[in-house]
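# Topology and contacts: notes
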Amino acid sequence: DVKVTQSSRYLVKRTGEKVFLECVQDMDHENMFWYRQDPGLGLRLIYFSYDVKMKEKGDIPEGYSVSREKKERFSLILESASTNQTSMYLCASNQGSYEQYFGPGTRLTVT
Amino acid sequence: KQEVTQIPAALSVPEGENLVLNCSFTDSAIYNLQWFRQDPGKGLTSLLLIQSSQREQTSGRLNASLDKSSGRSTLYIAASQPGDSATYLCAVEETSGSRLTFGEGTQLTVNP
């Protein structure tokens, strides 16, 4: 079974802190994605990556950056956390156009 | 820009009922469509993926259909059970290996 893991289930950070969210997949998938999910807004794509060191902006990249140094790991970075980045963050991966597999999510609260 | 709509936003049914969830998309030039299930506070679980060349896919009590020309998909759940209670999301992929565009989901409650 494909497994996508995220470093934390719950995270509380202060405004202005630099925040790292880590995602690891164990199926050698080429593609990895970061989404955020908010009530009334659904899932929105932040960034995605087709390969190591490759990244593409999604719909809402402002205030975020990403890093993919190894194929199995895709990190989302909040350069200076703000309260409007309080959200559920979901990582996903897939190979080609096969199913996207999601991690359990990280619920981030910025105070 | 692709938009995905799911109706209804919420649905409550008694156990044992057959039900249909609807998904529509504005641009019919899709590569595939995927249905997911999400339990409260959890990640998404993939249920079914329909390639654009397919008309339907089945897995157990679930059947998903796709009418690309009309921009519609349905998820049919037979003999619903309380364990089916969750939010169901559909998502479309427009080109191979690209991002998904999601609907906002239908929150399903199956009452014992």
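Structure first, text after, so check above.
Residues numbered from 1 in each chain as written. Chains lettered and ligands numbered in written order. Predicted model: local features only at pLDDT ≥ 70, side-chain atom pairs only at ≥ 80, totals over all residues. Heavy atoms only, no water.

The next subject is the pairing of strand 3 (residues 19–25) of chain A. All names here are of chain A. Side chains Val 19, Leu 21, Cys 23 and Gln 25 of strand 3 all project onto a buried face; the interleaved residues Phe 20, Glu 22 and Val 24 project onto a face where none is buried. Here strand 3 pairs with strand 8 (residues 73–78) via 6 bridges, running antiparallel. Across the sheet, Cys 23 pairs through a bridge with Phe 74, a residue of strand 8. (Buried < 20%, exposed > 50% of the residue type's maximum accessible area, 1.4 Å probe, protein only. Helix = DSSP H or I, 4+ residues; strand = E, 2+ residues; numbered from the N terminus. Pairing = 2+ DSSP bridges.)

We now examine the sheet that holds strand 1 (residues 4–6) of chain A. Residue and element names in this part refer to chain A. Read from one edge of the open sheet, 4 strands run 1-3-8-7, paired in antiparallel fashion. Single-partner strands in this sheet number two, and they are strand 1 and strand 7 (64–70). Recorded for the sheet is a direction-independent mean angle of 20° between the axes of neighbouring strands. (Axes fitted to C-alpha atoms, helices over the stretch in contact; angles between N-to-C directions.)

This part covers unusual backbone geometry. Look at the link from Ile 7 of chain B to Pro 8 of chain B: it is a cis peptide, with omega at 0°. Topologically, Pro 8 of chain B is positioned in the loop between strand 1 (4–7) and strand 2 (10–14). We note that Asp 28 of chain A has phi near 60°; this positive angle belongs to a residue other than glycine. Note on placement: Asp 28 of chain A falls in the loop between strand 3 and strand 4 (31–38). Even without glycine at this site, Ala 79 of chain B takes up a positive phi of about 45°. Structurally, the position occupied by Ala 79 of chain B is in the loop between strand 8 (72–77) and strand 9 (86–93). Taking the relative accessible area as the measure of exposure, Ala 79 of chain B reaches 37% and is therefore partly exposed.

None of the figures reported here should be taken as evidence of function without further support.
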